[in-house]
Amino acid sequence: MANFLIVEARFYDHLNDMLVSGAKAELEAAGHSVEVLTVPGALEIPGAIAMAAETGRYDGFVAIGVVIRGETYHFEIVAGESARGIMALTMDGIAIGNGIITVENEEQAIVRADPSKKDKGGEAAKAALALLDLQGRFAA
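Remember, predicted model here, so these are calculated numbers, not experimental data.

A. Structural view of the overall build of the chain. Per the secondary structure count, the chain includes 5 helices and 4 strands. Going from the N terminus to the C terminus, the chain shows its helices and strands as β-α-β-α-β-α-β-α-α. Taken against the 2.2 N^0.38 rule, which gives 14 Å for 140 residues, the C-alpha radius of gyration of the chain at 14 Å falls within 12% of a compact globule. Out of the 140 residues in the chain, the part that is buried amounts to 44%. Long-range pairs, those at least 24 residues apart, make up 76% of the contacts in the chain with a sequence separation of at least 6. Summed over its atoms, the accessible surface of the chain is roughly 7,200 Å², and 54% of this surface lies on carbon and sulfur atoms. Here the chain contributes 11 positively and 20 negatively charged side chains, and the mean placements of these two sets differ by 5 Å.

B. Molecular detail of the pairing of strand β1 (residues 3-9). For β1, a buried count of 7 out of 7 residues is recorded, marking the element as mostly surrounded by other parts of the structure. Residues N3, L5, V7 and A9 point to one face of β1 and F4, I6 and E8 to the other, with burial holding for every one of them. Note that β1 and strand β2 (residues 33-39) share 7 bridges and pair parallel. Note that in β2 the partner of N3 across the bridge is S33.

C. How the structure looks around the nonpolar core. With 24 residues, the main nonpolar core has F4, I6, L27, V62, I64 and V66 as its most contacted residues. Those elements giving two or more residues to this core turn out to be β1, α1 (13-29), β3 (60-68), β4 (96-103), α4 (106-113) and α5 (120-139). Top element by residues in this core is α1. It accounts for 6 residues. Not counting residues within four places of it along the chain, the set of residues in contact with F4 comprises L27, H32, S33, V34, E35, Y58, G60, F61, A128, L129 and L132. Grouped together as the second largest cluster of nonpolar side chains are 20 residues, V39, F61, F75 and I94 included.

Definitions and limits used
Every chain's residues receive numbers from 1 upward, in the order its sequence appears when written. Totals for whole chains, interfaces and linings use all residues, but because this is a predicted model, local features are given only for residues with pLDDT of at least 70 and pairs of side-chain atoms are given and counted only at 80 or more. For side-chain calculations, the full set of non-hydrogen atoms in the structure is used, while hydrogens and water are omitted. The numbering of helices and of strands both runs from the N terminus, where a helix is a DSSP run of H or I of at least 4 residues and a strand a run of E of at least 2. What the globule rule says is 2.2 Å times the number of residues to the power 0.38, and the radius of gyration is computed from C-alpha atoms. Throughout, exposure labels follow a simple rule: accessible area from a 1.4 Å probe, protein chains only, divided by the maximum for the residue type, with under 20% read as buried, over 50% as exposed, and the rest as partly exposed. In what follows, residue pairs with any heavy atoms lying within 4.5 Å of each other are defined as contacts. Surface accessibility in these figures is a Shrake-Rupley result with a 1.4 Å probe; residues are shielded only by whichever protein chains are displayed. All tallies of charge rest on Lys and Arg as positive and Asp and Glu as negative; His and the ends of each chain are not included. Where a charge lies is defined by one atom per residue type, namely NZ (Lys), CZ (Arg), CG (Asp) and CD (Glu). By this definition, two strands are paired if DSSP reports at least two bridges between them. By convention a nonpolar core is built from buried Ala, Val, Leu, Ile, Met, Phe, Trp, Tyr and Cys residues, the set being connected through side-chain atoms within 4.5 Å.

What follows is the structure, given as structure tokens:
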């Protein structure tokens, strides 16, 4: 049994609830324990994962958040930099599934977040599980 931390940027409660639900269901169905940590925004997710990884208490992570395009360039910064930070940590060998969805509008977000539709939270958990499996294979 592995211990996973879901780090969520809780900005859209109803969307995050669906994403976290999908991720937790996938991890728990695989027999793992799950904790959830909330941070202010998507830009804080990589830093929180880095800090949590240093503790050695977690075997893998799932990043959860929703970034909806607005009228300014801020969307590109948040979407790009959060993904870049997560990818950098993954390249350092941390098992992370990226479930930060970046969409044009709330309708797209609902379809992607809903576990009965695209289930991007569940998909991110599957990615974290796959990377954790790879860690084990390469460590042997």
